[in-house]
Amino acid sequence: MNEPHETIFPDLPDEARLWIVALDGAREDLWDLLSETQLFLEQWTSHGRSIQSEIALKSNRFLLIAGIIPGGTISGCGIDALMRAIDEIAVNRNCSVLSSMLIYYRMADGTVDFAPRSQFRNLVNQGLISPETPVFNPGIYTLNELRMGNFELPLVNSVYARVFQLPAIID
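Rules behind the numbers
- Residues numbered from 1 in each chain as written.
- Predicted model: local features only at pLDDT ≥ 70, side-chain atom pairs only at ≥ 80, totals over all residues.
- Heavy atoms only, no water.
- Core = buried A, V, L, I, M, F, W, Y, C linked by side-chain atoms within 4.5 Å.
- Buried < 20%, exposed > 50% of the residue type's maximum accessible area, 1.4 Å probe, protein only.
- Helix = DSSP H or I, 4+ residues; strand = E, 2+ residues; numbered from the N terminus.
- Axes fitted to C-alpha atoms, helices over the stretch in contact; angles between N-to-C directions.
- Parallel < 35°, antiparallel > 145°, perpendicular 65-115°, else oblique.
- Left-handed = near helix turned anticlockwise from the far one by under 90°.
- Contact = heavy atoms within 4.5 Å.
- Nonpolar A, V, L, I, M, F, W, Y, C, P; charged D, E, K, R; others polar.
- Phe/Tyr/Trp six-rings, centres within 6.5 Å; stacked < 30°, edge-to-face > 60°.

Caption draft 1: Seen up close, the nonpolar core. Membership of the largest hydrophobic core comes to 21 residues, with the highest contact counts inside it found for F9, L18, F62, L64, Y104, L143 and L146. Looking at this core, the element that brings in the most residues is strand β5 (residues 62-68), giving four residues. Core analysis: the next-biggest nonpolar cluster, separate from the first, contains 20 residues, L30, I55, I86 and A90 among them.

Listed below in structure tokens is the structure:
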């Protein structure tokens, strides 16, 4: 298992639920979206209970929202309200919410790009993506998984290693 290294959202416990939303848009629009979503989070509830939450924008691509109700769970209705709010804010800020079916990877210049699986396979086959290329797993579910480094990993150590038939590197 990875060693803990991520110090994001220090006021929330490891078991806090995590949502990762991939976005596309101009930097200033993404920061406006972050600010407006923060305003939503200040009022966010689930069945009348306040949700303790925090938000961050990583790599000008991913909106990370962590939330918890101490001693309770966030309902499907509460989650739906969050996603509707993000979708609405994104439209108003000329940003696009991207598909979770895309593969997100860090380019040599540090920016995060994305590709459908077939295009990503071509990039791997052409040697433009190496086993060491960092890829992202937007499907992690808890703040602990983020803190353990399971969000950004070398391709060879990611969930995609099997798909692209790469041998795992053992630490």
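Caption draft 2: Structural view of the packing of helix α1 (residues 27-43) against helix α2 (residues 76-92). Look at α1 against α2: their axes get within 10 Å of each other, and the N-to-C directions meet at 150°. Between α1 and α2, the angle is such that the two are roughly antiparallel. With respect to the hand of their crossing, α1 and α2 are arranged in right-handed fashion. Residues L33, E36, T37, F40 and L41 of α1 form the contact with α2, whose participating residues are A81, L82, A85, I86, I89 and A90. Considered class by class, the residues forming the contact of α1 with α2 number nine nonpolar, one polar and one charged.

Caption draft 3: Spatial organisation of the side chain of S53. As for its position among the elements, S53 is in strand β4 (residues 52-58). Setting aside its immediate chain neighbours within four residues, S53 contacts L12, L41, W44, A66 and G67.

Caption draft 4: Region of the structure containing the packing of aromatic side chains. Summed over all chains, the structure comprises eight aromatic pairs. Measuring from ring centre to ring centre gives 5.5 Å for F62 and Y104, while their planes differ by 75°; the resulting arrangement is edge-to-face. Of this pair, F62 sits in strand β5 while Y104 is found in strand β7 (residues 103-106), placing the two residues 42 residues apart along the sequence. Each member of the pair, F62 together with Y104, is buried. In textbook terms, an aromatic cluster arises when at least three aromatic residues are bridged by ring pairs, as seen for F62, Y104, F114, F136 and F151.

Such coordinate-based values are descriptive only and should not be taken to indicate function.
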